[in-house]
Amino acid sequence: MDCPLLSKIDLNRIKIRLDNISKKVTKYVSFVPSYVDVKMPEFYMSSTMSCLESLGSSYALDPKCISLMEDWNVYAYDESVQTYKALEGDLMFCSCSVIKIEDSYKFSLSVSPYFLTSMKKYKDFQEEDIRFAENVEEERNIILIQSKINSILESVVPHSIVLIDGPLIGGNVSTYLVGMDEKLREKDCIPLYFVKNSDSRLVIENDPKLAREFNSDFHWAAYGLKAGYRSSFFRYTDKDNSRNSKVFTYVKALAGFTERVEMHSLTYEKYGSLIPSLMNLVAYFYLVQGDCMNPQVRPIAVAEKYAREGLRVLNVPVLLGRLGFLPTINQVRFG
């Protein structure tokens with residue numbers, strides 16, 4: 001008996017794509033940074049970790065210095081996801097939002113549905129939105145990262161600073177993100193990645209005293225940094241794949257929690273002369289958002305609102321009723 005499942009046509013009908021970002025570059029000035037040979041003392045902590053500045057020092061941020069806003073476009077990305085578990089499989093709605101700072105916030109929003117199932121009749125299905133998956137979580141992560149990359153590369157114009165929610169290096173998706181990062185650099189863009197939750201111990205594991213006293217790098221940074229300061233920059237390179245390399249710092253622009261700001265090592269080297277100005281701009285965006293308990297740079301916070309609004313406009317609960325899925329018991333109990 002065939003399952004009364006939604007058809008491909010049904011999924012295509014409920015896709016959303018809204019966009020009011022102009023392709024015209026605003027406030028663009030001719031300034032093309034070239035690769036520079038950055039001469040900085042590098043303190044090697046292990047075979048994969050090094051400190052690029054004075055180990056144990058912190059550096060003051062100056063949020064009044066935002067001159068980069070006059071010369072560069074500024075974009076931000078965030079996504080929101082809603083998953084509905086049904087007996088037939090998982091229906092996932094992925095809402096991706098890219099915003100650009102102009103006189104007002106301009107946005108590019110796409111909301112796409114995906115159906116993930118282990119029903120083998122879909123094993124050789126060729127369509128993007130209905131997928132056979134033996135490991136649903138793994139397939140879900142691939143969809144999220146592909147949606148993220150497509151949204152950013154399709155929206156961002158050359159000579160832009162791109163603020164992206166989530167880490168650059170992490171798990172099986174690193175290869176995809178490093179590839180996107182390379183394409184952005186080719187367009188004279190500066191991708192910066194923001195992480196607010198992580199149990200990483202890259203810094204403290206290289207110092208027995210720190211490892212004894214702190215549970216994670218975030219724990220160490222929260223106690224070690226004063227408001228308005230950032231930590232030293234550190235470099236991490238994957239021991240098995242040197243292409244997966246990042247430079248990161250912990251930032252506490254406001255009293256309260258810290259965030260980790262990271263970039264690819266090649267970005268750090270290419271735009272080394274702009275790093276102090278970039279960190280001041282990051283501090284500025286934290287201050288204008290002004291939330292000590294949930295620190296976010298303002299452009300990413302705005303992108304997040306657009307992404308959530310995309311799911312709200314789609315009205316997923318009503319839509320699911322029309323599609324006729326049979327919810328799991330836990331879906332009914334806990335939503």
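Residues numbered from 1 in each chain as written. Predicted model: local features only at pLDDT ≥ 70, side-chain atom pairs only at ≥ 80, totals over all residues. Heavy atoms only, no water.

### Let's talk about the overall build of the chain
- Scanning the chain from N- to C-terminus turns up eleven helices and 14 strands.
- Looking at the chain as a whole, 50% of its 335 residues qualify as buried.
- Long-range contacts, defined here as pairs at least 24 residues apart, represent 69% of the contacts in the chain between residues at least 6 apart.
- Counting every atom, the chain has about 16,700 Å² of accessible surface; 52% of that belongs to carbon and sulfur. (Helix = DSSP H or I, 4+ residues; strand = E, 2+ residues; numbered from the N terminus. Buried < 20%, exposed > 50% of the residue type's maximum accessible area, 1.4 Å probe, protein only. Contact = heavy atoms within 4.5 Å. Areas by Shrake-Rupley, 256 points an atom, 1.4 Å probe, with all protein chains shown as cover.)

### With respect to the packing of helix H3 (residues 136-155) against helix H4 (residues 174-186)
- Where H3 contacts H4, the two axes come as close as 10 Å, and the packing angle between them is 5°. With respect to each other, H3 and H4 are oriented roughly parallel. Together, Ile 145, Lys 148, Ile 149, Ile 152 and Leu 153 of H3 and Tyr 176, Leu 177, Met 180, Lys 183 and Leu 184 of H4 make up the contact between the two elements.
- Here the contact of H3 with H4 is composed, by residue class, of eight nonpolar, no polar and two charged. (Axes fitted to C-alpha atoms, helices over the stretch in contact; angles between N-to-C directions. Parallel < 35°, antiparallel > 145°, perpendicular 65-115°, else oblique. Nonpolar A, V, L, I, M, F, W, Y, C, P; charged D, E, K, R; others polar.)

### Points about the packing of helix H8 (residues 275-289) against helix H9 (residues 298-314)
- Between H8 and H9, the shortest axis-to-axis distance is 7 Å and the interhelical angle comes to 55°. It follows that H8 is oblique to H9 by the angle criterion. Touching Phe 285, Val 288 and Gln 289 of H8 are Arg 298, Pro 299 and Ala 301, all from H9.
- Each residue belonging to the contact of H8 with H9 can be placed in one class, and the counts come to four nonpolar, one polar and one charged.

### Topic: the packing of aromatic side chains
- Across all of its chains, the model carries ten aromatic pairs by this definition.
- Here the aromatic rings of Trp 72 and Tyr 271 are separated by 6.1 Å at their centres, their planes lie at 80°, and the arrangement is edge-to-face. Remark: Tyr 271 occurs in the loop between helix H7 (265-270) and H8 and Trp 72 occurs in the loop between helix H2 (68-71) and strand S5 (73-86); sequence separation between them is 199 residues.
- Overall, Trp 72 belongs to the buried group, its relative accessible area being 3%.
- Judged by centre distance (6.1 Å) and plane angle (90°), the ring pair of Trp 220 and Tyr 250 falls under edge-to-face. You can see Trp 220 sitting in helix H6 (residues 217-224) and its partner Tyr 250 sitting in strand S13 (residues 245-252), a full 30 residues away along the chain.
- Assessed through its relative accessible area of 0%, Tyr 250 is described here as buried. (Phe/Tyr/Trp six-rings, centres within 6.5 Å; stacked < 30°, edge-to-face > 60°.)

### Examining the nonpolar core
- Counting residues in hydrophobic clusters, the biggest one holds 47 residues, and the most contacted among them are Ile 161, Leu 163, Leu 192, Phe 194 and Leu 278.
- When neighbours within four sequence positions are excluded, Phe 194 is seen to be in contact with Leu 163, Ile 164, Asp 165, Gly 166, Glu 259, Arg 260, Val 261, Val 282, Tyr 286, Val 297 and Ile 300.
- Core analysis: the second largest hydrophobic core is formed by 27 residues, Tyr 77, Cys 96, Val 156 and Leu 177 among them. (Core = buried A, V, L, I, M, F, W, Y, C linked by side-chain atoms within 4.5 Å.)

### Points about the confidence of the model for the chain
- For the chain, per-residue confidence averages 84 on the pLDDT scale, and 82% of positions sit at 70 or higher.
- A low-confidence stretch, residues 26-40 (pLDDT under 50), is modelled with 28 contacts involving residues beyond four sequence positions or located in other chains. (pLDDT = per-residue confidence, 0-100.)

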